[in-house]
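What follows is the residue order along each chain.
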Amino acid sequence: MSEDGTQLDRRRFLSSAMGFGASTGLAALTPDHSLGAEQQSKPTSRLAEPTSAQLQYETGDLPAEDGRFIDNPMSDHMVDVLKSVGIEYITTNPGSAFRGLHESIINYGGNRAPELLTCLHEEICVGMGHGYAKVAGKPLAALVHGTVGLQHAAMSVYNAWCDRVPVLLLAGNHLDATHRKGWVHWNHAVQDAGALLRDCTKWDDAPASLPHFSESMVRACRVATTPPMAPVLMVVDGDMQEKPLTGTAPPIPRLALPSFPQGDAAAIDQAATLLVNAQDPLLVVGRAVRSARGMQDLIELAELLQIPVIDRRARMNFPTTHYLNQTERGRSLLLEADVILGIELVDVFGTFNRFSDVPGAHAQRAISEQAKVITLGVDGLHKANYQDFQRYASVDLEILGDGETTLRPLIEAVRARLSKAARNRAHARIAQLRELHAQAREEALEQARLGWNAQPVSIPRLCADLWQEIRHHDWALVSDTSFQGDWPFRLWDFDKHYQFIGGSGGAGMGYTAPAAIGAALAHRAHGRLAVSIQGDGDLMYVPGALWTAAHHRIPLLTVMHNNRAYHQEIMHVQRMAARRQRGIDRAHIGTVIDDPPIDYAALAASMGIWSEGPVSNPDDFLPALRRAIAVVKSGAPALIDIITQGR
Amino acid sequence: MHITLLRVWMLAAVMLTTAQSGLAHEEAPSSSSPEATAIARGRELYMALGCYACHGTVGQGAAGTAPKLAPGTLPVQALIALVRNPPSQMPPYSPKVLSDAGLRDIHTFLSSMKD
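Overview of the structure. (Residues numbered from 1 in each chain as written. Chains lettered and ligands numbered in written order. Predicted model: local features only at pLDDT ≥ 70, side-chain atom pairs only at ≥ 80, totals over all residues. Heavy atoms only, no water.)

### Notes on the pairing of strand β9 (residues 339-343) of chain A
Residues and elements named next belong to chain A.
Move 1: With respect to burial, β9 is a largely interior element, five of its five residues being buried.
Move 2: Across the two faces of β9 the burial is the same, with Val339, Leu341 and Ile343 and Ile340 and Gly342 all buried.
Move 3: In the sheet, strand β7 (residues 281-285) pairs with β9 via five bridges, with the strands oriented parallel. Paired with Val284 across the strands is Gly342, a residue of β9.
Move 4: As paired strands, β9 and strand β12 (residues 372-377) are joined by five bridges and run parallel to one another. Residue pairing for β12: Leu341 is matched across the bridge by Ile374. (Buried < 20%, exposed > 50% of the residue type's maximum accessible area, 1.4 Å probe, protein only. Helix = DSSP H or I, 4+ residues; strand = E, 2+ residues; numbered from the N terminus. Pairing = 2+ DSSP bridges.)

What follows is the structure, encoded as structure tokens:
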């Protein structure tokens, strides 16, 4: 519609658009649907003939004289800065607001460290960074369009924020209004880009000069990777990218990462005393471990005290094969414990209280009234709007410090306080804990047999067959397990820190595929077999992620957990219908994805991914799995669609 | 009653599974016997009313979500009592939405599941 409310004449609109295009040199590259096919086949006829000066410049050594040709764009220096801070990959969905930087990365930077990875949606760009950082231990950069790109990226930024994972967001923007070229530049420009995501980023800046860019980029990396880690945003002005750099390039500050904060020595001593003197101590871990050393230290602490461990599985913390891993007995252990140490818990209140989805029910304390609770963690990213800081929890001793970093001094403090009596008390627990651990593993195997031949395929059967095939490889699970009833943890031998990376953090759908591909990218450098159990509903938020895996040859085994539904929501609606005593046979409305059923194997194949399925007979899964693993080991992604039970 | 493709397919799947893992090892009731009729009705109700959603299509349960119902199904009166007044977070299913007779049929269906 025109401003006066009348219908804008289409021909006039197109001709004005062509005028804009011609003046910027875009017209020849943009299909014009007002032209016939024959005319479209000759797009170059509308290009102006090159001037003699242009021809000379193309073929000779003449310098650019009038700003049409630029030798030394500022975005080249930006690439130098990105290289200096060690960014290996930049995920992107192309956008004009960062065309200068884009060109510098691929030409000036040679598209190596950083290498551009093409994504089909900004949510994928950031989701890949989320998964990558949890495996690589450092961020990649996600380069997105200002305004529209940031809005597309928002959900995945929130997930990374909640999961305390560093992602370096770069957003193009045209701040100078007088330099914007037409309506789309105005629509895509923003006065304060950081405001779009400020509630879920740790820091942002919009540098006004190249030296400012250099400093802020280095600062951004430092801020993002200092615990508590989180995404940061750097707004990169479009004009600045494209301007020539005159004079010498500004210096690039050295990235000096600080040591991680360690808990206060007096508080550590106090915690050690409580733990050593406890009758029934308990260790609960959330995001406690990020390295092999961290896992080793956690095992050492647990063995020193012979303390049972409940792994809340926000990361790979404690081996499932270790007898002190008593996660399956979590509820009774919480009730019995007299001293509990929680390390990097995501939700302290929710760990020690139980919620009930019953009308009028309140949270109930899940631990003894007498239990002393110690928490160790660095989290302090409290902002007002998003409520991911969780319900306030009163604890007896709160140690502010990075969990993994504080393990060593805590071990030494415990060791120094372990009397002979305390050692004997700890030792006396071993036999029973070993027995209970073995019993839990046996019970899991027994339970896995239930519905073994069922169609749709049971989740334990899926996980058991998967384990049978991957166990001989150096494998890593790159998806969460909560929608699979944590069956992988009950059936597989997790004993390395990189074999699991937790979940989305924010429980925002569309996490799994991008994060799995990002994680697989990081695992590729180590030759590991990355495995993802992918929910069907989750994949359909960002199916284009599969194309990126195929395009960049990222080896990832995806096994669809295809229950053809948003299954959790079926259960929610059923709960409502039962309470209201009406229509309990209609919970499928609005919750199932079955008519028509989605063919995930065909979807994957359409994007160049080897695939099989749908597999409905459980006996067909293993052979398909073997074929898929062979493909992944050859360096390509593969997907098997398997029709499964809901949970 | 609207039954989607998924539900039709799941019903067929349950029938197949039952044949494979359960009744195949026993002397199956003839298709016209009262027991066979009750099993069929129970199976249909189990799927249509969404019991399968939490407890699995063959009553195997789901870790962290819902306990198994088969094999080793509770006595029918215990099952009815549990459904009316569940101790867990399962919502109560009143006679208004699920009759005792229907629950007995579901019980018969679940009891037909064998190891």
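This is not the end of the story, as more comes after the structure.
### Some words on the environment of Leu298 of chain A
All names here are of chain A.
Move 1: Relative to the helices and strands, Leu298 resides in helix α13 (residues 292-305).
Move 2: The sequence separation of Leu298 and Leu407 amounts to 109 residues, and the corresponding C-alpha distance is 6.9 Å.
Move 3: Sequence-distant contacts of Leu298, defined by excluding residues within four places in its chain, comprise Leu283, Val285, Val289, Asn317, Phe318, Ile343 and Leu407. (Contact = heavy atoms within 4.5 Å.)

### Considerations on the interface of chain A and chain B
Move 1: At the interface, 34 residues of chain A touch 37 residues of chain B.
Move 2: Here chain A packs against chain B, burying approximately 3000 Å² in sum over the two surfaces, 60% of which is carbon and sulfur.
Move 3: When the area that chain A buries against chain B is broken down by residue, the three leading residues are Leu450, Gln581 and Ile584 of chain A, summing to 19%.
Move 4: Our count for the chain A to chain B interface comes out at zero salt bridges.
Move 5: At the junction of chain A and chain B, the tally comes to seven residue pairs in polar contact (both at pLDDT 80 or more).
Move 6: Looking at the side of chain A that touches chain B, the elements with two or more residues in it are α20 (487-491) and α24 (567-580) of chain A.
Move 7: By residue number, the principal contributor to the side of chain A that touches chain B is α24 of chain A, which donates seven residues. (Buried area = accessible area lost by both parts, 1.4 Å probe. Salt bridge = Lys/Arg side-chain N within 4 Å of Asp/Glu carboxyl O. Polar contact = N/O pair within 3.5 Å; in protein donor to acceptor, adjacent residues only side chain to side chain.)

### Examining the side chain of Ser458 of chain A
Move 1: Note on placement: Ser458 of chain A falls in the loop between α18 (430-449) and α19 (459-470).
Move 2: Not counting residues within four places of it along the chain, the set of residues in contact with Ser458 of chain A comprises Leu450, Gly451 and Gln645 of chain A together with Gln60 of chain B.

### Description of the sheet that holds strand β16 (residues 557-562) of chain A
The pairing of strands in a sheet happens through backbone hydrogen bonds and is either parallel or antiparallel.
Residue and element names in this part refer to chain A.
Move 1: Judged by pairing direction, the sheet is parallel, and its five strands sit side by side in the order β14-β15-β16-β18-β17 without closing on themselves. If you trace the sheet from one side to the other, it starts and ends with β14 (475-477) and β17 (610-615), each paired once. Each strand of the sheet is rotated relative to its neighbour by a mean of 15 degrees, with strand direction disregarded.
Move 2: Examined bridge by bridge, β16 and strand β18 (residues 638-643) share six bridges and lie parallel to one another. Each residue of the ladder has a partner; that of Val559, found in β18, is Ile640.
Move 3: Lying over the sheet, α19 contacts β14, β15 (529-535), β16 and β18, oriented at roughly 170 degrees with respect to β15.
Move 4: Packed on one face of the sheet, helix α26 (residues 621-633) meets β15, β16, β17 and β18 and runs near 160 degrees to β18. (Axes fitted to C-alpha atoms, helices over the stretch in contact; angles between N-to-C directions.)

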